[in-house]
Amino acid sequence: MTVNSLVFSNNRRYRITRHSLFWLLWILYYTLFNVVYWQQEYPLEKTFWESLVEVSLSTPMDIIFCYSIIYFLLPRYLYNGHYIRMILLWLLFSVLFIVAFRAFNHEVVPHLRRAFGLR
């Protein structure tokens, strides 16, 4: 596999690899971002594992939100000239994502942090 094939190919195998790599890098980026934030108060090992679990559990919501826009809204509404419907559905999807993410942050994250000994 070459980098050019990975980046530009529409072959199913390359697309799945490309998307998997993207989301793994996404998880790593936000894990490191959280570690830097928590590093002032807690040891590196504790913050890294808690952040990795937290981000890994929240990433499926990001995936659903992004792919619902990329593979549902854009082809069905934008490419067919239904701009107002697309914008309204995008806003609806955004509100649903915000509600789901807030629920995750209020219902799941505090338990994870307590389990790892943070706050």
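Anyway, here's the lowdown on the structure attached to this text. Worth saying up front: this structure is predicted, and the values here are computed from it rather than measured. (Residues numbered from 1 in each chain as written. Predicted model: local features only at pLDDT ≥ 70, side-chain atom pairs only at ≥ 80, totals over all residues. Heavy atoms only, no water.)

**Brief notes about the packing of helix α3 (residues 44-78) against helix α4 (residues 83-107)**
Where α3 contacts α4, the axes come no closer than 10 Å and their chain directions differ by 170°. When the interaxial angle is binned, α3 and α4 end up roughly antiparallel. Counted by class, the contact of α3 with α4 contains 18 nonpolar, three polar and three charged residues. (Axes fitted to C-alpha atoms, helices over the stretch in contact; angles between N-to-C directions. Helix = DSSP H or I, 4+ residues; strand = E, 2+ residues; numbered from the N terminus. Parallel < 35°, antiparallel > 145°, perpendicular 65-115°, else oblique. Nonpolar A, V, L, I, M, F, W, Y, C, P; charged D, E, K, R; others polar.)

**Overview of the side chain of Ser51**
Here Ser51 shows up in helix α3. Judged by its relative accessible area of 0%, Ser51 is buried. A distance of 2.8 Å separates the side chain of Ser51 from the backbone oxygen of Thr47, its partner in a polar contact. Not counting the four nearest positions on each side in its chain, Ser51 is found in contact with Thr31, Asn34, Val35 and Trp38. (Buried < 20%, exposed > 50% of the residue type's maximum accessible area, 1.4 Å probe, protein only. Polar contact = N/O pair within 3.5 Å; in protein donor to acceptor, adjacent residues only side chain to side chain. Contact = heavy atoms within 4.5 Å.)

**What to know about the pattern of salt bridges**
Per the counting criterion, the structure on display carries two salt bridges. For the salt bridge of Arg113 with Glu50, the shortest nitrogen-to-oxygen distance reads 3.9 Å. With Arg113 in helix α5 (residues 109-115) and Glu50 in helix α3, this pair connects stretches of sequence that are 63 residues apart. Taking relative accessible area as the criterion, Arg113 reaches 22% and is therefore assigned partly exposed. Here Glu54 makes a salt bridge to Arg113, at a shortest N to O gap of 3.1 Å. Of this pair, Glu54 sits in helix α3 while Arg113 is found in helix α5, placing the two residues 59 residues apart along the sequence. (Salt bridge = Lys/Arg side-chain N within 4 Å of Asp/Glu carboxyl O.)

**Some remarks on a nonpolar patch on the surface**
Among the surface-exposed residues, Leu21, Leu25, Leu28 and Leu32 lie close enough to one another that they form a single nonpolar patch of about 350 Å² accessible area. Locating Leu25 in the fold gives a position in helix α2 (residues 12-38). (Patch = residues over 30% accessible without salt bridge, like charges linked within 9 Å, V, L, I, M, F, W, Y side chains within 5 Å. Areas by Shrake-Rupley, 256 points an atom, 1.4 Å probe, with all protein chains shown as cover.)

**Overview of the packing of aromatic side chains**
Scanning the entire structure with this criterion turns up 17 aromatic pairs. Here the aromatic rings of Tyr29 and Tyr30 are separated by 4.9 Å at their centres, their planes lie at 85°, and the arrangement is edge-to-face. Relative to Tyr71, the ring of Tyr67 lies with its centre 5.4 Å away and its plane at 55°, an arrangement referred to as tilted. Of the two residues, Tyr67 and Tyr71 are both situated in helix α3; the distance of four residues between them amounts to about one turn of the helix. Looking at Tyr67, the relative accessible area reads 23%, which means it is partly exposed. Grouped by ring-pair contacts, the aromatic residues Phe22, Trp23, Trp26, Tyr29, Tyr30, Phe33, Tyr67 and Tyr71 constitute a single cluster. (Phe/Tyr/Trp six-rings, centres within 6.5 Å; stacked < 30°, edge-to-face > 60°.)

Taken by themselves, the reported measurements are silent on function.
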